[in-house]
Amino acid sequence: MRLTKLEHAALVIDHSGDRLFIDPGSFTTPITDAVGAVAVVITHEHNDHWTPEQLTRIVEASPDVRIFGPAGVVAAASGFEVEPVSAGDVVEVEPFRLRFFGGRHAQIHASIPIVDNLGVLVNESLYYGGDAFTVPDGVDIDVLAAPAAAPWMKISEAMDYVMAVAPRRAFPTHEMLLSQAGKALSNARLAWAVEQGGGEYLALEPGGTLDF
């Protein structure tokens, strides 16, 4: 399988021409190549993780694509056929096996409602937690998408999260709020955290890939 990092929180995983999109949102360049998409996972309803325009492009390119998200996404994306999933669910969309964890978005501020959020484990190998620090207990993670910056986190929390997961490899996600200097700082801190567990940190930029 090959993962390609898109801007901000969006990823696409390719397995012999079948493709899985995760969190195609408003901070991501319009997706124009979505042929072969078999599934889309939306971790939560915030528009930096999905937009109607991005979903429409994917559906038009791959009309049989299945879309998955928690209850909040089902309600927010009512114009699309979103299949509801919850923590503990396992979904098979060949060639992808999706396991879901968590349930709630990390708190941004007491004045802002907390929405549904699910992390997703792809083929027992790649884990992306969305906007939360849910650790997938009992799972040996090969590749972790590690949050680099967000209104709901401090870099110390992301470092602790990475050390708790202890992946073999990790790369940054959710970093469109950062300047180049800020990305360099976050990359250095996250790299240190990954290395504490003997793992490797890959400072992927948009368009960067890794095989797993």
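So, a few notes on the structure that sits alongside this text. Nothing here was measured: the structure is a model prediction, and the numbers come from that model.

### Quick look at the pairing of strand β11 (residues 143-147)
Right, so step 1: The buried fraction of β11 amounts to 5 of the 5 residues, a majority that puts the element mostly inside the structure.
Right, so step 2: A two-sided burial pattern is seen for β11, the buried positions comprising Val143, Ala145 and Pro147 on one face and Leu144 and Ala146 on the other.
Right, so step 3: As defined by bridge partners, strand β10 (residues 126-128) adjoins β11 across 3 bridges and the pair is classed as parallel. Bridge pairing in β11 places leucine 126 opposite valine 143.
Right, so step 4: Pairing between β11 and strand β12 (residues 169-173): 5 bridges, direction parallel. The partner of alanine 145 across the bridge, within β12, is phenylalanine 171.

### Quick look at the packing of helix α3 (residues 155-165) against helix α4 (residues 180-196)
Right, so step 1: Closest axis-to-axis distance for the α3/α4 pair is 8 Å, and the angle between their directions is 25°. Put simply, α3 runs roughly parallel to α4. The hand of the α3/α4 crossing is right-handed. Residue-level contacts link Ile155, Ala158, Met159, Val162 and Met163 of α3 to Ser186, Arg189, Leu190, Trp192, Ala193, Val194 and Gln196 of α4.
Right, so step 2: Class assignment of the residues belonging to the contact of α3 with α4 gives a composition of 9 nonpolar, 2 polar and 1 charged.

### Re the sheet that holds β12
Right, so step 1: Across the sheet, 7 strands lie side by side as β7-β8-β9-β10-β11-β12-β13; this open sheet has mixed pairing. What marks the edges here is a single partner per strand, and that holds for β7 (90-93) and β13 (200-201).
Right, so step 2: On the sheet, α3 packs against β10 and β11 and is oriented at approximately 165° with respect to β11.

### Observations regarding the pattern of salt bridges
Right, so step 1: What the rule picks out here adds up to 11 salt bridges.
Right, so step 2: When the shortest N-O distance is used, the salt bridge between glutamate 92 and arginine 97 registers 3.1 Å.
Right, so step 3: Looking at glutamate 92, the relative accessible area reads 45%, which means it is partly exposed.
Right, so step 4: Within this structure, Glu92, Arg97, Arg99 and Glu124 form a network of salt bridges that share partners.

### Concerning helix α1 (residues 52-61)
Right, so step 1: Among the residues of α1, those classed as buried are Gln54, Leu55 and Ile58. All buried residues of α1 project into a common sector of 95° when viewed along the axis, lining one side.

### Quick word on a nonpolar patch on the surface
Right, so step 1: Together, Phe27, Met176 and Leu177 make up a nonpolar patch on the protein surface, roughly 280 Å² of accessible area in all.
Right, so step 2: Locating methionine 176 in the fold gives a position in the loop between β12 and α4.

### Comments concerning the sheet that holds strand β14 (residues 209-211)
Right, so step 1: Spatially, β6-β5-β4-β3-β2-β1-β14 is the arrangement adopted by the 7 strands of the open sheet, whose pairing is mixed. On the outer flanks of this sheet lie β6 (82-84) and β14, each paired with one strand and no other. Across the sheet, the mean angle separating the axes of adjacent strands is 20° when strand polarity is ignored.
Right, so step 2: One ladder, built from 4 bridges, connects strand β1 (residues 2-5) with strand β2 (residues 11-15); its direction is antiparallel. Within the sheet, the bridge partner assigned to arginine 2 lies in β2 and is aspartate 14.
Right, so step 3: Contacts from α1 reach β3 (18-22), β4 (37-41) and β5 (66-69) within the one sheet, and its direction differs from that of β4 by about 160°.

### Focus on α4
Right, so step 1: Here α4 contains 17 residues, and its C-alpha end-to-end distance of 25 Å stays within 8% of the 24 Å for a straight helix at 1.5 Å per residue.
Right, so step 2: Those residues of α4 that sit buried are Gly182, Lys183, Ser186, Asn187, Leu190, Ala191, Ala193 and Val194. The buried residues of α4 occupy one face: seen down the axis, they fall within an arc of 160°.
Right, so step 3: Where α4 is buried, its residues meet β11, α3, β12 and β13.

Conventions we followed
Sequence order as written defines residue numbering, which begins from 1 separately in each chain. Per-residue local features of the predicted model are confined to residues with pLDDT of at least 70, and side-chain atom pairs are confined, for both listing and counting, to 80 or more; whole-chain, interface and lining totals are unaffected and use all residues. Each side-chain value is derived from all of the structure's non-hydrogen atoms; neither hydrogens nor water enter the calculation. Between buried and exposed lies partly exposed: a residue is buried under 20% and exposed over 50% of the maximum accessible area for its type, with that area taken using a 1.4 Å probe on protein chains only. For the purposes of this entry, the term helix denotes a DSSP run of H or I that reaches at least four residues, the term strand denotes a run of E that reaches at least two, and both are numbered from the N terminus. Two strands qualify as a pair provided DSSP detects at least 2 bridges between them. Geometry is summarised by axes, namely lines fitted to C-alpha atoms with helices restricted to the contacting stretch, and by angles between N-to-C directions that run from 0 to 180 degrees. Angle categories are assigned with fixed cut-offs, so that under 35 degrees is roughly parallel, over 145 is roughly antiparallel, 65 to 115 is roughly perpendicular, and the rest are oblique. Note: crossing handedness is left-handed where the near helix turns anticlockwise from the far helix by less than a right angle, and right-handed where it turns clockwise. For this analysis, residues touch if any pair of their heavy atoms sits within 4.5 Å. Three residue categories are used. Nonpolar comprises Ala, Val, Leu, Ile, Met, Phe, Trp, Tyr, Cys and Pro, charged comprises Asp, Glu, Lys and Arg, and polar comprises the others, including Gly. By definition here, a salt bridge exists when the distance from a side-chain nitrogen of Lys or Arg to a carboxyl oxygen of Asp or Glu is within 4 Å. This arc corresponds to the set of directions leading from the helix axis out to the C-beta atoms. Patch membership requires more than 30% relative accessible area and the absence of a salt bridge. Residues of like charge join within 9 Å; the nonpolar side chains Val, Leu, Ile, Met, Phe, Trp and Tyr join within 5 Å. For the accessible areas, the method is Shrake-Rupley and the probe is 1.4 Å, while residue cover comes only from the protein chains on display. Here a helix's expected span is defined as the number of its residues, less one, multiplied by 1.5 Å.

So far we have only geometry, and geometry alone does not tell us how the molecule works.
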